[in-house]
Amino acid sequence: MRSGNEPVTARSPLRLRFWLGVWGLIWAVGGTAVFSLAGRPGWAAACGALAVVVTVDLFMVLRHIHQGPHYQPGPDVPPYEPPRPH
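Position numbers for residues start from 1 in each chain and track the written sequence from start to end. Residues qualify for local features only when their pLDDT is at least 70, as the model is predicted, and side-chain atom pairs are given and counted only at 80 or more; totals for whole chains, interfaces and linings, by contrast, use all residues. Water and hydrogen atoms were dropped before computing side-chain values, which therefore reflect all heavy atoms in the structure.

A tally of regular secondary structure across the protein chain gives three helices and zero strands. Mapped from its N terminus to its C terminus, the protein chain presents α and β elements in the order α-α-α. Going through the 86 residues of the protein chain one by one, you find that 17% of them count as buried. Across the protein chain, every contact between residues at least 6 apart in sequence was considered, and the portion connecting residues at least 24 apart equals 69%. Summed over all atoms, the accessible surface of the protein chain reaches about 6,800 Å², with 71% contributed by carbon and sulfur. In DSSP terms, a helix is any run of H or I states spanning at least four residues, a strand is any run of E spanning at least two, and both are numbered starting from the N terminus. Only protein chains enter the accessibility calculation, which uses a 1.4 Å probe; a residue whose area is less than 20% of its type maximum is buried, one above 50% is exposed, and one in between is partly exposed. Pairs of residues are marked as contacts when any of their non-hydrogen atoms sit within 4.5 Å. Only the protein chains shown count as covering a residue, and every accessible area follows the Shrake-Rupley method with a 1.4 Å probe.

Spelled out as structure tokens, the structure:
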């Protein structure tokens, strides 16, 4: 049931997003190193750019996590307003 206030009560799995970002950063840095050693500067630059983007995203995710429950409500906050009886 849609109530129209979904953007206000949306939940974001920030910790999952953080760990997936760490995983992606490891692969991007590894790809940068491997492609640099293999003499593929284009691919190394692409992996390096991806590593920069992932790093910025990780800082944003950490910022949102540290801002507290306003951005990540706990399990006691329902994801929608309960339906009103008619």
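We are not done yet, so read on.
Given the number of residues in a helix, its expected span is that number minus one, multiplied by 1.5 Å. In this model helix H2 (residues 14–37) runs 34 Å from its N-terminal to its C-terminal C-alpha over 24 residues, within 8% of the 34 Å that 1.5 Å per residue would give. Among all positions of H2, only Leu14, Phe18, Gly21, Ala28 and Gly31 are buried. Looking at the packing, one finds that the buried side of H2 touches helix H3 (41–66). Gly39 lies just past H2 and shows a positive phi near 80°.

Turning to the environment of Leu58, a few remarks are in order. Among the secondary structure elements, Leu58 is positioned in helix H3. As a C-alpha pair, Leu58 and Leu20 span 38 residues in sequence and 9.5 Å in three-dimensional space. Not counting chain neighbours up to four residues away, the residues in contact with Leu58 comprise Phe18, Gly21, Val22 and Leu25.

Helical periodicity: at 3.6 residues per turn, an α-helix aligns residues three or four positions apart in one direction. With 26 residues, H3 extends 37 Å between its outermost C-alpha atoms, agreeing within 8% with the 38 Å of an ideal straight helix rising 1.5 Å per residue. Residues Ala44, Cys47, Ala51, Val54, Leu58, Val61 and Ile65 constitute the buried set of H3. Close packing links the buried residues of H3 with H2. One or two residues past the end of H3 sits Gly68, with phi positive at roughly 95°.

Before going further, it helps to examine the environment of Met60. Considering the arrangement of structural elements, one finds Met60 in helix H3. Since its relative accessible area comes to 36%, Met60 is described here as partly exposed. Along the backbone, Met60 and Phe18 are 42 residues apart, and their C-alpha atoms lie at a distance of 9.5 Å.

So yeah, pure geometry; function would need other evidence.
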